[in-house]
Amino acid sequence: MRGKVLITGAAGFIGFHLARQMLATGWQVTGFDGMTPYYDPKLKEARLDILCAQSGFRFDHGMIEDEGRLTQLCAETRPDVIIHLAAQAGVRYSIDAPRSYVRANLIGTHEVLEAARAHPPKHLMMASTSSAYGANTQMPYAELHQATHPLSFYAATKIANEAMGHSYAHLFGLPITMFRFFTVYGPWGRPDMALFKFTKAILNGDPIDVYNHGDMQRDFTYVGDLVEGILRLTACPPGNAPVGPMDSLSPVAPFRVVNIGNGAPVPLTDFIAAIEAATGRTAIRNLMPMQPGDVPATWADAALIEALVGTLPRTDIRDGVARFVDWYRGWNGA
């Protein structure tokens, strides 16, 4: 599938990688971003400079929650696909600043839905999170599992986004796919995430905070693998027929939820070991209790996405971490 796409959050970590890959494969990309200072805007500006240097890219600056802003942009650009990635991210930050999640994740997503209602795309794709599984302990996480007990306000806003999306899909016939991301990492990553913080601390000889005393597992997903999954899904808007018993396709709307993960949880100790190997340094570990809102493990069931788009690439954690460390050293002039 090729055509015109609107990507919200285009200067963010995932949005940048997705926009760059879509441009490389022939899409016309309109990027939208508020360039908020949740983390160093210089990183967002550097990503945006790379995108703006490519033909086929247009950028619009604005806040996702501004009433009517996206509807106006969709009237101008008429995208075939809308990919909504803009959000206030972070489990722990949602404890300290919940109102920013209301503005960006609830009001902002409503504005996306209203824009799609006014100018219907062939496919509306919106980011959710593996944090939606919350207190669920059944592993691996499958899309048909219950997601009704969020452990953080961030997760609660994303579950609300899924419910909002389903209602618009039902009421207005909008084909909507919600994808649940699993611990995405890689070059140009966010400074608030563990890989960035750990790499910085280890290279500086500073201790790293290791929560739950290191007894944690994450389904680490390399950003390039995630982008490949999103790209393939653009051509798979929900229809009327489920692809199998694992399908989360709604019985009353063109709507489904899809996991995008590596499909294999990695112990936090192995993740740290990969950073040590890539940096050539030994981490100083500051063992800490579990943080509020966090979960001890995540693990994506990949059966649905494989039924929809085939087997996705699965980058080994050691290779993915090494690519990040190489980028980080260049970014910081190390």
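Just so you know, the residues in each chain are numbered from 1, in the order the chain's sequence is written. Where local features are concerned, this predicted model is filtered to residues with pLDDT of at least 70; where side-chain atom pairs are given and counted, the filter is 80 or more; whole-chain, interface and lining totals use all residues. Hydrogens and water molecules were not included; the side-chain quantities draw on all heavy atoms of the structure.

Concerning the side chain of T315
This is how it is decided: In this description a helix means any DSSP run of H or I spanning at least four residues, a strand means any run of E spanning at least two, and both kinds are numbered starting from the N terminus. Here a residue-residue contact requires only that any non-hydrogen atoms of the pair lie within 4.5 Å.
On the secondary structure map, T315 appears in the loop between helix 10 (303–309) and helix 11 (317–331). Excluding anything up to four places from it in sequence, T315 contacts Y185, Y222, D225, N262, G320 and R323.

Concerning the sheet that holds strand 3 (residues 57–61)
Spelled out, the test is: Strand pairing is defined by DSSP finding a minimum of two bridges between the two strands. Axis angles are defined between N-to-C directions and span 0 to 180 degrees, where every axis is a line fitted to C-alpha atoms and, for a helix, only to the segment in contact.
In spatial order, the strands read 3-2-1-4-5-6-11; together these 7 strands make up an open sheet with parallel pairing. Two strands in the sheet have a free side with no partner beyond their single neighbour: strand 3 and strand 11 (255–260). Ignoring which end each strand starts from, the neighbouring axes of this sheet average 20 degrees apart. As defined by bridge partners, strand 6 (residues 176–181) adjoins strand 11 across 6 bridges and the pair is classed as parallel. Counterpart to R180 in the pairing with strand 11 is N259. Sitting on the sheet, helix 3 (residues 69–77) is in contact with strand 1 (4–8), strand 2 (28–33), strand 3 and strand 4 (81–84), with an inclination near 155 degrees to strand 3. Against the sheet, helix 5 (residues 98–118) engages strand 4, strand 5 (123–129) and strand 6, with an angle of about 165 degrees to strand 5.

Here we look at helix 3
Cut-off, in case you're wondering: Each residue gets one of three labels from its accessible area relative to the maximum for its type: buried under 20%, exposed over 50%, partly exposed in between, using a 1.4 Å probe on protein chains only. Arc definition: it is the arc formed by the directions from the helix axis to the C-beta atoms.
Within helix 3, the full set of buried residues consists of L70, L73, C74 and T77. Down the axis of helix 3, the buried side of the element spans an arc of 100 degrees, and every buried residue falls inside it. Each element contacted by the buried residues of helix 3 is listed here: strand 1, strand 2, strand 3, strand 4 and helix 5.

As for helix 8 (residues 223–233)
In terms of residue burial, helix 8 counts as a mostly covered element, since 8 of its 11 residues are buried. Three or more residues of helix 8 are buried, namely V223, D225, L226, V227, G229, I230, L231 and L233.

What to know about the pattern of salt bridges
What counts is decided by this rule: Each salt bridge in this description consists of a side-chain nitrogen of Lys or Arg and a carboxyl oxygen of Asp or Glu lying within 4 Å of one another.
Enumeration over the complete set of coordinates arrives at 13 salt bridges. R58 is paired through a salt bridge with E76; the nearest N and O atoms lie 2.7 Å apart. Pair noted here: R58 is in strand 3 and E76 is in helix 3, with a separation of 18 residues, a long-range link. Note on R58: relative accessible area 34%, which makes it partly exposed. Given the relative accessible area of 45%, E76 is considered partly exposed. The partner of D60 in a salt bridge is R69, with the nearest N and O atoms 3.3 Å apart. On the basis of relative accessibility, which here comes to 12%, the residue D60 falls in the buried class. The structure contains a network of salt bridges with shared partners spanning R58, D60, R69 and E76.

So, the environment of I14
Among the structural elements, I14 can be located in helix 1 (residues 13–24). Sequence separation of I14 and W188 is 174 residues, and the distance between their C-alpha atoms is 8.8 Å. Residues within four places of I14 in sequence aside, it is in contact with L85, F181, V184, L226 and I230.

Examining the packing of helix 1 against helix 2 (residues 41–52)
Definition in use: Comment on the angle field: the value is read as roughly parallel under 35 degrees, roughly antiparallel over 145, roughly perpendicular from 65 to 115, and oblique elsewhere.
Where helix 1 meets helix 2, the closest approach of the two axes is 10 Å, and the angle between their N-to-C directions is 10 degrees. By the angle between their axes, helix 1 is roughly parallel relative to helix 2. When helix 1 is examined against helix 2, the residues F13, F16, A19, R20 and L23 are found in contact with a partner set consisting of R47, I50 and L51.

Here's the deal with the environment of A11
Mapped onto the fold, A11 is located in the loop between strand 1 and helix 1. On the accessibility criterion, A11 (0% relative accessible area) is buried. On a C-alpha basis, the gap between A11 and M178 in space is 20 Å, while along the polypeptide they are 167 residues apart. Those residues in contact with A11 that lie beyond four places of it in its chain are D33, M35, K44 and R47.

Re the nonpolar core
The tendency in soluble globular proteins is for nonpolar side chains to be buried side by side. Under the convention used in this document: By convention a nonpolar core is built from buried Ala, Val, Leu, Ile, Met, Phe, Trp, Tyr and Cys residues, the set being connected through side-chain atoms within 4.5 Å.
Counting residues in hydrophobic clusters, the biggest one holds 70 residues, and the most contacted among them are I7, I83, F181 and I230. Per element, the largest residue contribution to this core is 7 residues, and it comes from helix 1. Setting aside anything within four residues of it in sequence, one finds I7 in contact with G15, L18, A19, M22, V29, T30, G31, F32, I83 and L85. A86, A116, I176 and V257 belong to the second-largest nonpolar core, a separate cluster that totals 23 residues.

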